[in-house]
Amino acid sequence: MDLSGHHFGPRRFLKPHTERLAAKRYENFDVAPLSPVLGAEVRGIDLRELDEQTFAELQDAFCAFKVLFFRDQGLTSEQHVTFAERWGELEDHPFLPAKEGDSRVIRFAKDDETVGVENQWHSDVSWREVPSLGSVLRAVEVPPVGGDTLFADMNAAYEGLPDDLKQRIDGAVAVHDFTQSFGAMMDAETRAERQKEYPPAHHPVVRTHPVTGAKILYVNRIFTSHIVGMDVAESDVLIERLCREASVPEYQCRFHWEKNSVAFWDNRAVQHYAASDYWPARRIMERATIIGERPV
Ligand code: SIN
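This text gives an overview of the structure that appears in the document. These figures come from a predicted structure and were not determined experimentally.

### What about the overall build of the protein chain?
Along the protein chain, the regular secondary structure elements total 7 helices and 16 strands. Whereas a compact globule of 296 residues would reach a radius of gyration of roughly 19 Å, the protein chain reaches 19 Å, a difference of no more than 12%. Dimensions of the protein chain, computed from the C-alpha atoms along their principal axes, are close to 50 × 50 × 35 Å. Among the 296 residues that make up the protein chain, the fraction classed as buried is 54%. By sequence separation, contacts in the protein chain at least 24 residues apart represent 81% of the contacts at least 6 residues apart. With an accessible surface of roughly 13600 Å², the protein chain has 50% of that area assigned to carbon and sulfur atoms. Treating the 34 positive side-chain charges of the protein chain as one cloud and the 48 negative ones as another, the clouds have centres 3 Å apart.

As structure tokens, then:
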């Protein structure tokens, strides 16, 4: 019996999707899928030299696979930014440390004194009124073992929900707020000041991908505080139920980093989780975050 809806469900409803991905071919590069559902390593490409045709193919691959991986790119920080800027304007992150000299590059520097805390499923900056299109993450220094990043396909997560739950969240709106994560490290006065700049954002619980039209489950434990119009207990239970879906292995892929690897993910379609299993080793990553559009 299929009590959870997961034992047979993913295989059944994902079949057309996985068949479509398996048939994908490109003229200017090869794709090697990391899982049947999402994520592909793109081979035979140099991100410093993208002509228009290759870029158009990458746009297709990005929306199809939702997260693309590139090895041995050897990008400088400037080249990293140049690649990211081709997809749209980059944001400054008000709460995370930036690389010296460029406020658009977040530097995640972990070592024996700074443990990785990005080990919660989330979509980047969903607390913004206009969240991110995508993030480009570059490995500067990697631990000898561990430090992988996991990605979950939130369209698959939505499609796998039971029908009655889909009906229940149809039209529901959630509030996303930085205070429960970054805000927890501020004193009350600073937090109140920053909240004036970054007020809680209201987003649909199920957003529609602006390119593919796919329905995406868009709540996460770090930034989603509550669902509008529900009492706290009901809202907490529902958010927990929906967030659990990112943990279903059939919806995931997992990327093992090497120095000079690059990952580019669609924050409108996936959530990610950086495994914090490498302490006290060093892991240095840099991220450029592309501004997206207001979720609908
Ligand atoms: C992030 O959450 O953007 C960081 C992911 C990672 O360090 O792998």
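### With respect to helix α3 (residues 77-85)
Taken as a whole, α3 has its buried residues at Ser77, His80, Val81, Phe83 and Ala84. Mapping the buried residues of α3 onto a view down its axis gives an arc of 160 degrees, with all of them on the same face. Against the buried residues of α3 lie α2 (52-65), β4 (98-99), β5 (102-110), β6 (132-141), β14 (262-266) and β16 (283-291).

### Details of the site of the ligand
Every residue lining the ligand is accounted for by Phe108, Glu118, His122, Asp124, Leu137, Thr149, Trp265, His272, Ala274, Arg283 and Arg287. At a separation of 3.0 Å, an oxygen atom of the ligand approaches a polar side-chain atom of His272. One nitrogen or oxygen atom from the side chain of Arg287 is found 2.8 Å from an oxygen atom belonging to the ligand. Within the complex, 99% of the 260 Å² of free accessible area of the ligand lies under protein. Those elements that provide at least two residues to the shell around the ligand are β15 (270-274) and β16. Classifying every residue of the shell around the ligand by side-chain character gives 4 nonpolar, 3 polar and 4 charged.

### Comments concerning the pattern of salt bridges
In a structure, side chains of opposite charge can pair up when their charged atoms sit close to one another. For the structure on display, the rule yields 27 salt bridges. When the shortest N-O distance is used, the salt bridge between Glu85 and Arg104 registers 2.9 Å. With Glu85 in helix α3 and Arg104 in strand β5, this pair connects stretches of sequence that are 19 residues apart. Classification of Glu85 by relative accessible area gives partly exposed; the value is 40%. Take Arg104: its relative accessible area is 27%, and that puts it in the partly exposed class. Here Asp124 makes a salt bridge to Arg287, at a shortest N to O gap of 3.0 Å. Of this pair, Asp124 sits in the loop between β5 and β6 while Arg287 sits in strand β16, and the two are 163 residues apart along the sequence.

### Quick look at the sheet that holds β16
In space, the 8 strands of this open sheet follow the order β1-β2-β3-β14-β6-β16-β5-β4, with mixed pairing throughout. Each end of this open sheet is capped by a strand with a single partner; those strands are β1 (30-33) and β4. Relative to β16, β6 runs antiparallel, the two sharing 8 bridges. Within β16, the residue paired with Gly134 across the bridge is Ile290.

### Remarks on the sheet that holds strand β12 (residues 224-227)
The 3 strands lie next to each other as β9-β8-β12, forming an open sheet whose pairing is antiparallel. On the outer flanks of this sheet lie β9 (201-204) and β12, each paired with one strand and no other. With direction set aside, neighbouring strand axes in the sheet form an average angle of 35 degrees.

### Focus on the environment of Ala56
As for its placement among the helices and strands, Ala56 is situated in helix α2. Separated by 23 residues in sequence, Ala56 and Pro33 have C-alpha atoms that sit 19 Å apart.

### Digging into the pairing of strand β8 (residues 173-176)
Sheet analysis places β8 next to β9, joined by 4 bridges and oriented antiparallel. For Val175, the partnering residue across the bridge sits in β9 and is His202. Two strands pair when backbone bridges link them, and β8 and β12 are joined in this way by 3 bridges, in the antiparallel orientation. Following the sheet pairing, Ala174 is matched in β12 by Ile227.

### Digging into the nonpolar core
Note that soluble globular proteins tend to have their nonpolar side chains buried in a common cluster. Counting 55 residues, the largest nonpolar core has Trp127, Phe151, Ile169, Val205, Leu217 and Leu242 as the members making the most contacts within it. Sequence-distant contacts of Phe151, defined by excluding residues within four places in its chain, comprise Leu38, Val67, Phe69, Trp121, Tyr251, Gln252, Cys253, Phe255, Trp265, Val270, Gln271 and His272.

### So, the packing of aromatic side chains
For any pair of aromatic rings, the description consists of the separation of the ring centres together with the inter-plane angle of the planes. Under the criterion given, the structure shown has 22 aromatic pairs. Consider the rings of Phe62 and Trp87, whose centres lie 5.4 Å apart with planes at 55 degrees: the pair is tilted. Here Trp87 lies in the loop between α3 and β4 and Phe62 lies in helix α2, a separation of 25 residues in the sequence. When its relative accessible area of 2% is taken as the criterion, Phe62 is described as buried. Of the residues examined, Trp87 reaches a relative accessible area of 12% and is grouped as buried. Among the aromatic residues, those joined into a ring-pair cluster are Phe55, Phe62, Phe70, Phe83, Trp87 and Phe264. In this structure, Lys166 is placed above the aromatic ring of Tyr158, and the distance from its NZ or CZ to the ring centre is 5.3 Å.

The rules behind these values
- Every chain begins its residue count from 1, and numbering advances along the sequence as written.
- Under the rules for a predicted model, residues below a pLDDT of 70 receive no local features and side-chain atom pairs below 80 are neither given nor counted, while totals for whole chains, interfaces and linings still include all residues.
- To get the side-chain values, all heavy atoms of the structure are used, and hydrogens and water are removed first.
- The numbering of helices and of strands both runs from the N terminus, where a helix is a DSSP run of H or I of at least 4 residues and a strand a run of E of at least 2.
- Just to be clear, the radius of gyration here is over C-alpha atoms, and the globule rule we use is 2.2 Å times residues to the power 0.38.
- For each residue, the accessible area found with a 1.4 Å probe, counting protein chains only, is set against the maximum for its type, and the residue is called buried under 20%, exposed over 50%, and partly exposed in between.
- Working rule for contacts: check all heavy atoms of both residues, and any pair within 4.5 Å makes them a contact.
- Using the Shrake-Rupley algorithm and a 1.4 Å probe, accessible areas are obtained, with residue cover drawn only from the displayed protein chains.
- In this charge count, Lys and Arg are treated as positive and Asp and Glu as negative; neither His nor the chain ends contribute.
- In plain terms, the charge of a residue is placed at NZ if it is Lys, CZ if Arg, CG if Asp and CD if Glu.
- Directions from the helix axis toward the C-beta atoms define the arc.
- Throughout, the term near means that a residue has one or more heavy atoms lying within 4 Å of the molecule or strand in question.
- In the analysis that follows, any N or O atom pair within 3.5 Å is treated as a polar contact, provided that within protein one partner can donate a hydrogen and the other can accept it, and provided that, for residues neighboring in sequence, both atoms belong to side chains.
- Charged residues are taken to be Asp, Glu, Lys and Arg, nonpolar residues to be Ala, Val, Leu, Ile, Met, Phe, Trp, Tyr, Cys and Pro, and polar residues to be all remaining types, Gly included.
- Each salt bridge in this description consists of a side-chain nitrogen of Lys or Arg and a carboxyl oxygen of Asp or Glu lying within 4 Å of one another.
- Here the rule is simple: two strands pair whenever DSSP picks up at least two bridges between them.
- With axes taken as lines fitted to C-alpha atoms, and helix axes fitted only over the stretch in contact, angles between N-to-C directions fall between 0 and 180 degrees.
- Definition of nonpolar core: a set of buried residues of the types Ala, Val, Leu, Ile, Met, Phe, Trp, Tyr and Cys, connected through side-chain atoms within 4.5 Å.
- Any two of the Phe, Tyr and Trp rings considered here, Trp counted by its six-membered ring, make a pair once their centres fall within 6.5 Å; the pair's planes then place it as stacked at under 30 degrees, edge-to-face at over 60, or tilted in between.
- Look at NZ for Lys and CZ for Arg. If either is within 6 Å of the ring centre and within 35 degrees of the ring normal, a charge sits over the ring.

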